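Residue-level structural notes
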Amino acid sequence: QVQLVESGGGLVQPGGSLRLSCAASGSIFSIDAMGWYRQAPGKQRELVASFISGASTKYADSVKGRFTISRDNAKNTMYLQMNNLKPEDTAVYYCHIATILRHYWGQGTQVTVSS
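A few points on the structure. (Residues numbered from 1 in each chain as written. Predicted model: local features only at pLDDT ≥ 70, side-chain atom pairs only at ≥ 80, totals over all residues. Heavy atoms only, no water.)

1. Section: the pattern of salt bridges
Side chains that differ in sign of charge can pair as their charged atoms come close. As a reminder, the rule being used: Each salt bridge in this description consists of a side-chain nitrogen of Lys or Arg and a carboxyl oxygen of Asp or Glu lying within 4 Å of one another. Relative accessibility decides the category of a residue: with a 1.4 Å probe and only protein chains considered, values under 20% of the type maximum give buried, values over 50% give exposed, and everything between is partly exposed.
The final tally for this structure, using the stated rule, is four salt bridges. When the shortest N-O distance is used, the salt bridge between glutamate 46 and arginine 38 registers 2.8 Å. By relative accessible area, arginine 38 is classed as buried at 5%. Of the charged contacts in the structure, one is a salt bridge between aspartate 61 and lysine 64, with a shortest N-O distance of 3.1 Å. Note on aspartate 61: relative accessible area 64%, which makes it exposed. A single network of salt bridges, built from pairs that share partners, joins Arg38, Glu46, Arg66 and Asp89.

Below, the structure is given as structure tokens:
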């Protein structure tokens with residue numbers, strides 16, 4: 001079965017950077033949207049960055065100017081570059097792909113921003 005495998009999380013200081021990766025183990029067809037969600041303790045899951053309508057991108061206001069979503073189709077991988085990280089960015093980050101038939105989710109990777 002197709003799986004999304006995430007990597008790149010970890011512990012960083014405020015102002016630091018991380019790049020998350022999300023690699024698909026197989027081909028996914030008829031993609032409607034791709035993006036990154038995060039969920040902090042006690043909070044609901046929120047969409048932080050996504051591709052929509054092909055290559056158009058959207059970002060949550062809280063991460064605009066700091067996060068960049070990208071993808072490498074040849075490597076079947078999606079990325080989230082996170083710069084100038086803040087403590088409020090601490091969460092489990094999940095990659096997500098929506099197709100007309102189903103949704104795919106990564107296993108989640110922990111990002112902790114703390115001094």
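Back to the text.
2. Things to note about the nonpolar core
For the record, the criterion: Residues enter a nonpolar core if they are buried and are Ala, Val, Leu, Ile, Met, Phe, Trp, Tyr or Cys, with the set joined through side-chain atoms within 4.5 Å. Here a strand is any run of E in DSSP of at least two residues, a helix any run of H or I of at least four, and the numbering for each starts at the N terminus. The contact definition used throughout considers only heavy atoms, calling two residues in contact when any of these lie within 4.5 Å.
In terms of nonpolar packing, the biggest core is built from 27 residues, with Leu4, Trp36, Leu80, Met82 and Tyr93 touching the most fellow members. Elements represented by at least two residues in this core include exactly strand S3 (18-24), strand S4 (31-39), strand S5 (46-52), strand S7 (67-72), strand S8 (77-82), strand S9 (91-99) and strand S11 (109-113). Contacts of tyrosine 93, omitting those with residues within four sequence positions, involve Glu6, Leu20, Trp36, Tyr37, Arg38, Phe67, Leu80, Met82, Gly108, Thr109 and Val111.

3. Observations concerning the environment of glutamine 81
For clarity, the cut-off: N or O atoms within 3.5 Å of each other form a polar contact, as long as, within protein, one can give a hydrogen and the other can take it, and as long as residues adjacent in sequence are counted only when both atoms are side-chain atoms.
Considering the arrangement of structural elements, one finds glutamine 81 in strand S8. The class for glutamine 81 is partly exposed, based on a relative accessible area of 26%. Separated by 13 residues in the primary sequence, glutamine 81 and threonine 68 place their C-alpha atoms 5.1 Å from one another. Residues within four places of glutamine 81 in sequence aside, it is in contact with Ser17, Leu18, Arg19, Arg66, Phe67 and Thr68. A distance of 2.9 Å separates the side chain of glutamine 81 from the side chain of asparagine 83, its partner in a polar contact.

4. Comments concerning the side chain of arginine 38
By the element assignment, arginine 38 lies in strand S4. A distance of 2.8 Å separates a polar atom in the side chain of arginine 38 from a polar atom in the side chain of glutamate 46. A distance of 3.3 Å separates a polar atom in the side chain of arginine 38 from a polar atom in the side chain of serine 62. Setting aside residues up to four positions removed in sequence, arginine 38 forms contacts with Gln44, Arg45, Glu46, Val48, Ser62, Val63, Phe67, Glu88, Asp89, Ala91, Val92 and Tyr93.

5. Focus: the state of the cysteines
We apply this condition: Here, the term disulfide refers to a pair of cysteine sulfur atoms separated by no more than 2.5 Å.
This model, assessed by the stated rule, comprises one disulfide. At a sulfur-sulfur separation of 2.1 Å, the disulfide partner of cysteine 22 is cysteine 95. Between cysteine 22 and cysteine 95, the disulfide has an S-S torsion of 65° and is therefore right-handed. A residue pair is termed long-range when its members are at least 10 positions apart, and cysteine 22 in strand S3 and cysteine 95 in strand S9 qualify at 73 residues. Taken as a pair, cysteine 22 and cysteine 95 share a single burial class, namely buried.

Remember, this is a structural readout, not a statement about activity or role.
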